[in-house]
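What follows is the residue order along each chain.
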Amino acid sequence: MLYREALNKALDEVMAIDDTVVTLGEDVGLYGGSFRVTEGLVEKYGEERVIDTPIAELSIVGNAVGMAIGGLRPVAEIMTGNFSLLAFDQIINHMAKLHYMSNGKVILPMVVRFPQGVSKQLAAQHSESYEQMLCSVPGLRVLSVCDVNYAYHALKYAILSNDPFVFIEHELLYNKKGEVNFEEQLDPFKARIVKEGEDITIISYLKMVDDVMQSVPAIESALNCSCEVIDLCSLNPIDYETLAASIKKTSRLVMVEEDHKTGGFGSQVVAWAAEEMFYELDAAPLRLAGADVSIPYNRTLELASIPTPDSIAQEIIAWGRKNDV
Amino acid sequence: MNKLLAQEIYYFMVLGRNFEYAAKENYMQGNVSGFLHLDIGQEAFSVAAMKAFEKGDIFATYREHVMAMARGIEPKAVMAELFGKAEGVSGGKGGSMHLFEPSRFFYGGDAIVGGQIPNAVGCAYARKLQGAEDGVMVIFGDGASNGGAFFESLNIAATHKLPLLFLCENNEYAIGTNIKRSAPFREQAKKAEPYMMTLSVDGMKAEAVYETIKEAQKLIEDGHGPIFVEAFTCRFEGHSVSDANSYRSTQEMSHCKAKDPLVHFKKELLERWMCSDKELQEIEQKAQTAVDEAVAFAKNATEPNVAALFEHVFVEEV
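For clarity, every value in this text was computed on a predicted model and none was experimentally measured.

Reading the values: the criteria
- Residues take numbers from 1 onward in each chain, read along the sequence in its written order.
- All chains are assigned letters beginning with A, and all ligands numbers beginning with 1, in the order in which they are written.
- Restriction of local features to residues with pLDDT of at least 70 applies here, the model being predicted, together with a cutoff of 80 or more for giving and counting side-chain atom pairs; totals for whole chains, interfaces and linings are based on all residues.
- The basis for every side-chain value is the complete set of heavy atoms in the structure, and neither hydrogens nor water enter the calculation.
- Per the convention used, a helix needs a DSSP run of H or I reaching at least four residues, while a strand needs a run of E reaching at least two, with both numbered from the N terminus.
- Restricting the calculation to C-alpha atoms gives the radius of gyration, and the globule rule supplies 2.2 Å times the number of residues raised to the power 0.38.
- Each residue gets one of three labels from its accessible area relative to the maximum for its type: buried under 20%, exposed over 50%, partly exposed in between, using a 1.4 Å probe on protein chains only.
- By definition, residues are in contact when any of their heavy atoms lie within 4.5 Å.
- Note that accessible areas follow from Shrake-Rupley with a 1.4 Å probe, and for residues the cover is restricted to the protein chains shown.
- The salt bridge definition used is simple: a Lys or Arg side-chain nitrogen within 4 Å of an Asp or Glu carboxyl oxygen.
- Strands pair, by our definition, only if DSSP identifies at least two bridges between them.
- Whenever a helix is involved, its axis is fitted only over the stretch in contact; in every case the axis is a line through C-alpha atoms, and angles between N-to-C directions fall within 0 to 180 degrees.
- Each Phe, Tyr or Trp ring, with Trp reduced to its six-membered ring, pairs with another whose centre is within 6.5 Å; inter-plane angles below 30 degrees give stacked pairs, above 60 give edge-to-face pairs, and intermediate values give tilted ones.
- As a reminder, the over-ring test applies to NZ of lysine and CZ of arginine, requiring each to be within 6 Å of the ring centre and within 35 degrees of the ring normal.

Details of the overall build of chain B
A tally of regular secondary structure across chain B gives 11 helices and 9 strands. Its C-alpha radius of gyration of 19 Å places chain B within 12% of the 20 Å reference for a compact globule of 318 residues. In terms of overall dimensions, chain B has a C-alpha envelope of 60 × 50 × 40 Å along the principal axes. Looking at chain B as a whole, 58% of its 318 residues qualify as buried. Pairs at least 24 residues apart make up 73% of the contacts formed inside chain B by residues separated by at least 6 positions. Here chain B has roughly 12,900 Å² of accessible surface; of this, 52% comes from carbon and sulfur atoms.

Written out as structure tokens, the structure reads:
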């Protein structure tokens, strides 16, 4: 099953059992969704529940908030992360705050689906990542999806939860293949150990998890070591327990992410490790992240602006040699 | 309208006026803090709109104390919220600008100018999908009708023919900037005309506001889709208590105060509804008592426990 098919199946199944679930966004209906995640749903559930909206992101999220107040479970799709900035007032001032400001009286069961990240030569206004901003806002659950099985289970969980979720997808993962274990009772807030290892803990999320996995054979062979790779999955809350157990075992930490390094999401993980895991570490942590530049159009420059399997391997090998791995 | 309803509206208008003066007094004494936006001068608008739109969902602005009380939220719970107390309608976490009571279908209390309008559109969408009898009313000022959220909302509400009453409180001031300096014309209904039917009313006259909202409600029920109502009002105070109102001349203010909605509606009660002085005095006394009790309640209410800081961040523990 493909990543986008797993998301589609999750939406479809929930819409079939709960008629308060609606989905809205630009081209989610007749067009089938820009990434085909909502394909076929309008034929099944009609235009009233699969809602094509104007290109007006503030309203997509703002209306979803009102729908949730009105007793629906809306799943809003933002076409691409950069466009969400027009909706950030609604995401931060309304979606994240109404429950707390009302002392728990207003409940917002809603999901904002959020495709983002560097795709292929889409340039600066279609390539950015915003988890660092979303995760600094109390009141939002933030999930990031790399794994196909996780995509299916986590989306179902988010839609049926009574809290507001931002559900981050990566634009290059929609055609990724994977298996879904439909019987599994998956905890969406638990980090996923993608590969077990003894010597280096590499923490990542979204597409970078796959890039890290590609880089691991070169790292293990060059350093004669074994790497433990962790997919964070949930970015708010962070599953520190799983991270701590891994770091205790390996004593070394590498954080890999696609967003800009300054203020990037991984800085939270490394800051936590500095505060809580300092005496467990045998070396200073390594952070690999996107360059502090807007994403350029040219393919060579674009690839130079983010970690790639090659650059991840090179940087970790150099760091490992310096730190006696 | 009938005599009983007119008396009820008068009660809430007096309650509103006295409540706001009491809130201001307690702000000066340091019992109320933060931003405090008073509705003095606009009581006819706030009360009559709520009484006309008696069912259905309400999305209001940060100048909402009087509307909240007219919707049935206890003055004690509102004043306690202004005092930041645990017994406040939002547990002391919202304050003056964020009064919420879903059991009364009252959803704030939004302090982002225009930010509540898309929420009302979404709620109206839900009501239409559910086949609900009652629609949604969203209140906003002329300051909000210059913003993007407003225009997006007109477009979506009209496209889907939503049961939504756009109620614009045009007091001609966006905080301290006069409408002549922020929009090309005074009548904000002109902006809605391409999308929906519009009605205008003198917002200083309670009976006119009441009848106009009822008419709009009827049009929505009859399937006309969203309706835009513009009420022209006059704010007697500054934007908030911290605003000295220095941008308005003495002449403008005296012209404004000559339209006092309480004076006008009292005359209506005496002349049209044949109320006696004694009846009105009793109403006024009852309203003052409610305000006194609200202040006493708020003063004696409890400070939230610090543990409340981490309560209601999320619904579900994980």
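A closer look at the pattern of salt bridges
The tally for this structure, following the rule as stated, stands at 33 salt bridges over all chains. Residue Arg36 of chain A is joined to Glu39 of chain A by a salt bridge in which the shortest nitrogen-to-oxygen separation is 2.8 Å. Glu39 of chain A gets classed as partly exposed once you look at its relative accessible area, which sits at 37%. The salt bridge involving Lys24 of chain B is made with Glu237 of chain B; its shortest N-O contact spans 2.8 Å. Linking Lys24 of chain B in helix α1 (residues 3-28) with Glu237 of chain B in the loop between β9 (227-232) and α9 (250-257), this pair joins segments that are 213 residues apart in sequence. Judged by relative accessible area, which is 24%, Lys24 of chain B ranks as partly exposed. Three or more residues are tied together by salt bridges with common partners; here these are Lys9, Glu13 and Lys156 of chain A.

Considering the side chain of Gln90 of chain A
Structurally, Gln90 of chain A is set in helix α4 (residues 88-95). For Gln90 of chain A, a relative accessible area of 0% translates into the label buried. The contacts of Gln90 of chain A, once residues within four sequence positions are left out, are Leu58, Val61, Gly62, Val65 and Met95 of chain A together with Gly115, Pro118 and Asn119 of chain B.

Comments concerning the sheet that holds strand β10 (residues 234-236) of chain A
Residues and elements named next belong to chain A. Strand order in this open sheet of 7 strands is β2-β1-β3-β4-β6-β5-β10, and the pairing throughout is mixed. Two strands close off the open sheet at either side, each with one partner strand: β2 (50-52) and β10. The mean inter-strand angle of the sheet, taken between neighbouring strand axes irrespective of direction, is 20°.

Section: unusual backbone geometry
Backbone torsion omega between Asn236 of chain A and Pro237 of chain A reads 5°, so that peptide bond is classified as cis. Tracing the sequence through the fold places Pro237 of chain A in the loop between β10 and α9 (240-250). For the peptide bond that leads from Gly108 of chain B to Gly109 of chain B, omega is 10°, which places it in the cis range. With respect to the element layout, Gly109 of chain B can be found in strand β3 (residues 106-110). Phi at Met274 of chain B is positive, roughly 55°, even though this residue is not glycine.

Considering the packing of aromatic side chains
By the definition in use, this model includes 18 aromatic pairs over all chains. Pairing Phe88 of chain A with Tyr130 of chain A gives two aromatic rings, centres 6.5 Å apart and planes at 65°, and the pair type is edge-to-face. Here Phe88 of chain A, found in helix α4, pairs with Tyr130 of chain A, found in the loop between β4 (110-116) and α6 (131-134); they are 42 residues apart in sequence, far enough to count as distant. The buried category is assigned to Tyr130 of chain A, whose relative accessible area is 6%. Ring centres 4.9 Å apart and planes at 90° place the aromatic pair Tyr152 of chain A and Phe182 of chain A in the edge-to-face group. Here Tyr152 of chain A is found in helix α7 (residues 148-160), whereas its partner Phe182 of chain A is found in the loop between β6 (164-170) and β7 (192-195), with 30 residues between them in sequence. Relative accessible area serves as the criterion here: at 3%, Tyr152 of chain A is assigned to the buried category. Pairwise contacts between aromatic rings join Phe140, Phe150, Phe151, Phe166 and Phe228 of chain B into one cluster. Seen from the ring of Phe189 of chain A, Arg141 of chain A lies directly overhead, with NZ or CZ sitting 5.5 Å from the centre. Positioned above the aromatic ring of Tyr173 of chain B is the side chain of Arg248 of chain B, whose terminal nitrogen or guanidinium carbon lies 5.0 Å from the ring centre.

Scope: geometric values only; no functional claims are made or implied.
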